[in-house]
Amino acid sequence: MSDSPLPRVEFWCDLLCPDCRTALADVHALRARFGDALTVELRHFPLEKHKFAYPAAEAATEAFEQGRGWEFVEALLARLEDVERGGAKALVEIAGSAGLDAEEVDTALIDGRHMLLVDSDVAEGRAIGVTGTPTYVVAGQRLDGGQSQDGLLERIVELLGG
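Now for a description of the structure that goes with this document.

What counts, and at which threshold
- For every chain, the first residue of its written sequence is number 1, and the numbers climb from 1 along that sequence.
- In keeping with the predicted nature of the model, local features appear solely for residues at pLDDT of at least 70, side-chain atom pairs appear and are counted solely at 80 or more, and the whole-chain, interface and lining totals rest on all residues.
- Hydrogens and waters are ignored; side-chain quantities use all the structure's heavy atoms.
- Counting from the N terminus, the helices are the DSSP runs of H or I reaching at least four residues and the strands are the DSSP runs of E reaching at least two.
- Classification of residues uses two cut-offs on accessible area relative to the type maximum, computed with a 1.4 Å probe and protein chains only: under 20% is buried, over 50% is exposed, and between them is partly exposed.
- Contacts: residue pairs with any heavy atoms within 4.5 Å of one another.
- With residues, only the protein chains shown are counted as cover, and all accessible areas are computed by Shrake-Rupley using a 1.4 Å probe.
- For this analysis, a nonpolar core means a set of buried residues of the types Ala, Val, Leu, Ile, Met, Phe, Trp, Tyr and Cys, connected via side-chain atoms within 4.5 Å.
- Polar contacts, as counted here, are pairs of nitrogen or oxygen atoms within 3.5 Å of one another; within protein the pair requires one atom able to donate a hydrogen and one able to accept it, and residues that are adjacent in sequence qualify only if both atoms are side-chain atoms.
- At least two bridges found by DSSP between two strands is the condition for calling them paired.

## Side note on the overall build of the protein chain
The helix and strand tally for the protein chain stands at seven helices and four strands. Its helices and strands in sequence order give the protein chain the pattern β-α-β-α-α-α-α-α-β-β-α, from N to C terminus. Dimensions of the protein chain, computed from C-alpha atoms along their principal axes, come out at roughly 45 × 30 × 25 Å. By residue count, 48% of the 162 residues in the protein chain fall in the buried class. A separation of at least 24 residues holds for 68% of the contacts in the protein chain among residues at least 6 apart in sequence. Accessible surface, the protein chain: about 7900 Å² in total, of which carbon and sulfur atoms supply 49%.

## Description of the nonpolar core
Phe11, Phe72, Leu76, Tyr136 and Leu160 are the most contacted members of the largest nonpolar core, which totals 47 residues. With sequence-adjacent residues up to four places away left out, Leu76 is seen in contact with Leu15, Leu16, Ala56, Val83, Leu91 and Ile94. Of all hydrophobic cores here, the second largest spans six residues; its members include Trp12, Leu47, Val130 and Val137.

## Overview of the environment of Asp121
One can find Asp121 in helix H6 (residues 115–127). For the pair formed by Asp121 and Leu38, sequence separation is 83 residues and the distance between their alpha carbons is 21 Å. Beyond its immediate sequence surroundings of up to four residues, Asp121 is in contact with Trp12, Leu42, Arg43 and His44. A polar side-chain atom of Asp121 sits 2.8 Å from the main-chain amide nitrogen of His44.

## Points about the pairing of strand S3 (residues 135–138)
Here S3 shows two buried faces, one formed by Thr135 and Val137 and the other by Tyr136 and Val138. Examined bridge by bridge, strand S1 (residues 9–13) and S3 share four bridges and lie antiparallel to one another. When the sheet's bridge partners are listed, Glu10 is paired in S3 with Val137. Two strands pair when backbone bridges link them, and S3 and strand S4 (residues 141–144) are joined in this way by four bridges, in the antiparallel orientation. The residue bridging Thr135 from the neighbouring strand is Asp144, located in S4. The antiparallel hairpin formed by S3 and S4 contains two residues in its connecting segment, where Ala139 sits at a positive phi of about 50 degrees.

Here it is as structure tokens:
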């Protein structure tokens, strides 16, 4: 690995997408390989086919505001079925179990304080050609994992110069 700074990895995600749950293993592998030198940024791309994906994105934004975003994302992706059954109530419960102020997450879902950020991500994603999840953007290259994740980790590592 060179001494130059690594490009940021954008992880475009629908937090209720089973493929995104699988892709989390690649994010772990990247972090293990590159450590703190690598920035992985979660970008929201909730798909209409997942009823609670938009509120999940709002809840995750609040989780990042509270400093526990990745913990929430991991807990949420581990419990997709609970959210599909329980909706916003399940999101708040998962937030509490991930160490967040669950009451504040609930309030954020009610008052919509993070809607603009989620809408902005969706608009930007569409503008750069994101059509499904997971999708990665690394060093200006868009990598679509929605069809197949085979070889994606290796391609990301290559783009990172590793």
